[in-house]
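# Analysis of the macromolecular model
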Amino acid sequence: MTNNHNFEKWSDTMFLKDLVTNPLIEVGEFSYYSGYYDSQEFENGCVRYLWGDPLTRAAFDPVKDMGWHLDKLIIGNYVCIAAGATILMGGNHNHHPDWITVYPFASHVEKSYEPKGDTVIKSDAWIGMNAMIMPGVTIGEGAVIAAGSMVVKDVPPYTIVGGNPARVIKQRFSTEEISMLLELRWFDWTKEQIEAAKDSLMSNNIDALYAHYKKYILN
Ligand SMILES: CC(C)(COP(=O)(O)OP(=O)(O)OC[C@H]1O[C@@H](n2cnc3c(N)ncnc32)[C@H](O)[C@@H]1OP(=O)(O)O)[C@@H](O)C(=O)NCCC(=O)NCCS
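Residues numbered from 1 in each chain as written. Predicted model: local features only at pLDDT ≥ 70, side-chain atom pairs only at ≥ 80, totals over all residues. Heavy atoms only, no water.

Let's shift gears to the domain arrangement of the protein chain. Taken domain by domain, the protein chain consists of domain 1 (14–172) and domain 2 (173–219). Taken together, the contact pairs ten residues of domain 1 with twelve residues of domain 2. Between domain 1 and domain 2, the buried area comes to about 1100 Å², and carbon and sulfur atoms account for 62% of it. The largest per-residue losses of area from domain 1 upon contact with domain 2 belong to Y78, Y158 and R172, which jointly make up 49% of the total buried on that side. Summed over the shared surface of domain 1 and domain 2, the number is one salt bridge. (Domains from an automatic or database assignment. Contact = heavy atoms within 4.5 Å. Buried area = accessible area lost by both parts, 1.4 Å probe. Salt bridge = Lys/Arg side-chain N within 4 Å of Asp/Glu carboxyl O.)

Strands in a sheet are paired, the pairing made by backbone hydrogen bonds, and the direction either parallel or antiparallel. The strand order β4-β7-β10-β13 describes an open sheet built from four strands, whose pairing is parallel. Of all the strands in the sheet, the pair left with one neighbour each is β4 (47–48) and β13 (150–151). Relative to β13, strand β10 (residues 132–133) runs parallel, the two being bridged by two bridges. Across the sheet, the residue bridging to I133 is V151, located in β13. (Pairing = 2+ DSSP bridges. Helix = DSSP H or I, 4+ residues; strand = E, 2+ residues; numbered from the N terminus.)

Around the ligand, the neighbouring residues are A82, W126, G128, M129, V144, A146, A147, I160, G162, G163, I169 and K170. Within the contact set of the ligand, an oxygen atom lies 2.7 Å away from a backbone nitrogen or oxygen of M129. The separation between an oxygen atom of the ligand and a polar side-chain atom of K170 is 3.1 Å. Summarising the interface, the protein chains cover 42% of the accessible area of the ligand, which totals 920 Å² for the free molecule. Secondary-structure elements contributing two or more residues to the shell around the ligand are β14 (159–162) and β15 (167–171). Considering only residue class, the shell around the ligand consists of eight nonpolar, three polar and one charged. (Near = heavy atom within 4 Å. Polar contact = N/O pair within 3.5 Å; in protein donor to acceptor, adjacent residues only side chain to side chain. Areas by Shrake-Rupley, 256 points an atom, 1.4 Å probe, with all protein chains shown as cover. Nonpolar A, V, L, I, M, F, W, Y, C, P; charged D, E, K, R; others polar.)

What follows is the structure, given as structure tokens:
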């Protein structure tokens, strides 16, 4: 049995670059979706309420037709997204908690959409199963979103958050080590540079990776 993207087994992953056609989604290198347990497509299922997937693109254009300014989804390099994760887009899409009615009268649809700002998932973040990312959130480099979390606020780099609403569980490394990681930014290196550093990358020896960076990447 396969789902929409032909994940045949739970261990299958697909690069987002090969899945995304929506002009409002930017994806970096090697970021992947592990979507076997999700019955829907990445850009029209994992990502929700974002105009620009093939079906909505063919049906209407809210930028041209209604003058809406739509938020974007921006995903960095080496991001891992587990099945069941939901990236909720659409700003305050037609429903205004600050208006008397939240009912979206079609006759006034032009003025109904309110952007929330781009949603940004930075490089090397890991989005756990069934997490929901609310519109306009930025998830920092190397952050971990625990399974089932409701992420309503920005997540600092190299920080684990969990729960509903998601709260900080812990920093993955010391503040000083996180500064080093944010300086060396391994996920922006070339494939060859990453290959040469894999022993350090796949360890918790940040000093060794930093020394490697100083010796081989900076020079
Ligand atoms: C977030 C996560 C990585 C933490 O793992 P860990 O570092 O081994 O953490 P622990 O199990 O020791 O738990 C640490 C704390 O986080 C809490 N926690 C763990 N998972 C949580 C979750 N999903 N939601 C809320 N809190 C969670 C624990 O209760 C514990 O709290 P405490 O310190 O108050 O006791 C892991 O729990 C998780 O959710 N992984 C995602 C798994 C997944 O989605 N896999 C899909 C395939 S890729």
